[in-house]
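# Analysis of the macromolecular model
Residue-level listing of the chains:
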Amino acid sequence: MSPAQPCERVPLSPTSMLELLPPYPIVLVTTRGNAITINQIAYFTFRPLRIGIGVAHSRHTHELLRAEREFVVNVPDASLIGAVRVCGSLSGRDGDKFQAAGLEWEASMQVGAVSLPGCGAQIECRVVREIPFEHRDWFIGEVVAAQKRVGHAGAKALMCGRHAYWIPGAEVAPR
Ligand SMILES: Cc1cc2nc3c(=O)[nH]c(=O)nc-3n(C[C@H](O)[C@H](O)[C@H](O)COP(=O)(O)O)c2cc1C
């Protein structure tokens, strides 16, 4: 083994360090009568499958999740960037976001939170735990039902970097 060759490096400021991570998923999370754009989403356990979303105290969605204890993770593709922007900038306190974003909704299978049929997939969750972290809480939801549009693939789902929206590139190797 030979020592690594020196290569050119660029120092980064703390705020630009997020650029070091690949783009992350971006989703539209629905409650009974509202939708919010969320990028703080992660799975917390596989069995049972539990998904957490980080929601700031200031969001209308925070109050709604506290009261309703259910949400749906709707997975948009690039055609829904406009709706992602609207749901990520307007508050449901100020009006009907479904109308503002041109989003149709329908009843879900297992939860009272509505689903967005315009999205490729819908993952229905019941809140089983809340984890406080500074100015936001992580709402951990157990997945109770899920469906997808025929032909939808996670690989076409919308993603978000620090400065742009993305879709994932091609698959390169098996796991
Ligand atoms: C790309 C993007 C990602 C966002 N991710 C989050 C997030 O993970 N958590 C959060 O609390 N707000 C997030 N926001 C901000 C909310 O979507 C925004 O404040 C929204 O208007 C809140 O709506 P509400 O008041 O109806 O809940 C994001 C916004 C954008 C544009």
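Residues numbered from 1 in each chain as written. Predicted model: local features only at pLDDT ≥ 70, side-chain atom pairs only at ≥ 80, totals over all residues.

Tracing the chain through its elements places R32 in the loop between β2 (27–30) and β3 (35–38). In sequence terms R32 and Y43 are 11 residues apart; their C-alpha atoms lie 22 Å from each other. If we skip the residues at most four places from it in the chain, R32 touches E68, G112, A113 and V114. (Helix = DSSP H or I, 4+ residues; strand = E, 2+ residues; numbered from the N terminus. Contact = placed C-beta atoms within 7 Å.)

On to the sheet that holds β3, then. Spatial ordering of the open sheet is given by β3-β2-β6-β7-β8-β5-β4, a layout of seven strands whose pairing is antiparallel. The strands lining the two open edges of the sheet, one partner per strand, are β3 and β4 (41–45). Along the sheet, successive strands turn relative to each other by an average axial angle of 35°, direction set aside. Pairing between strand β5 (residues 50–56) and strand β8 (residues 136–148): seven bridges, direction antiparallel. Residue pairing across strands places I53 opposite F139, the latter belonging to β8. (Pairing = 2+ DSSP bridges. Axes fitted to C-alpha atoms, helices over the stretch in contact; angles between N-to-C directions.)

Turning next to the pairing of strand β6 (residues 70–75). Burial analysis of β6 places six of its six residues in the buried class, the great majority of the element. Summarising the sheet, β2 and β6 pair through three bridges and their orientation is antiparallel. The residue bridging L28 from the neighbouring strand is N74, located in β6. In the sheet, β6 pairs with strand β7 (residues 121–133) via six bridges, with the strands oriented antiparallel. Within the sheet, the bridge partner assigned to F71 lies in β7 and is C125. (Buried ≥ 20, exposed ≤ 12 C-beta atoms within 10 Å, placed from the backbone.)

Turning next to the site of the ligand. Residues in close proximity to the ligand total 21 residues, the closest being Q40, T61, G88, S91 and G92. Grouping the constituent residues of the shell around the ligand by class yields seven nonpolar, 11 polar and three charged. (Near = placed C-beta within 6 Å. Nonpolar A, V, L, I, M, F, W, Y, C, P; charged D, E, K, R; others polar.)

What follows deals with the sheet that holds strand β1 (residues 24–25). Each strand in a sheet pairs with its neighbour through backbone hydrogen bonds, running either in the same direction (parallel) or in the opposite one (antiparallel). As summarised here, the arrangement of the three strands in space is β1-β9-β10, forming an open sheet in which the pairing is antiparallel. This sheet does not close on itself; its edge strands, each paired only once, are β1 and β10 (165–166). Across two bridges, the pairing between strand β9 (residues 159–160) and β10 is antiparallel. Across the sheet, C160 pairs through a bridge with Y165, a residue of β10.

This next bit is on the pairing of β3. The side chains of a regular strand alternate between the sheet's two faces. The alternating pattern of β3 places A35 and T37 and I36 and I38 on opposite faces, both of which are buried. Judged from the four bridges that link them, β2 and β3 form a sheet pairing that is antiparallel. Opposite V27, over in β3, you have I38 as the bridge partner. Counted along the chain from β2 to the antiparallel partner β3, the turn is four residues long.

Moving on: unusual backbone geometry. Residue R47 is joined to P48 through a cis peptide bond whose omega torsion reads 0°. By the element assignment, P48 lies in the loop between β4 and β5. A positive phi angle, near 65°, is found at R69, a position not held by glycine. One can find R69 in the loop between α1 (60–68) and β6. Owing to 18 C-beta atoms within 10 Å, R69 belongs among the partly exposed residues under this scheme. Of note in this structure, E134 is not a glycine but carries a positive phi near 50°. Among the structural elements, E134 can be located in the loop between β7 and β8.

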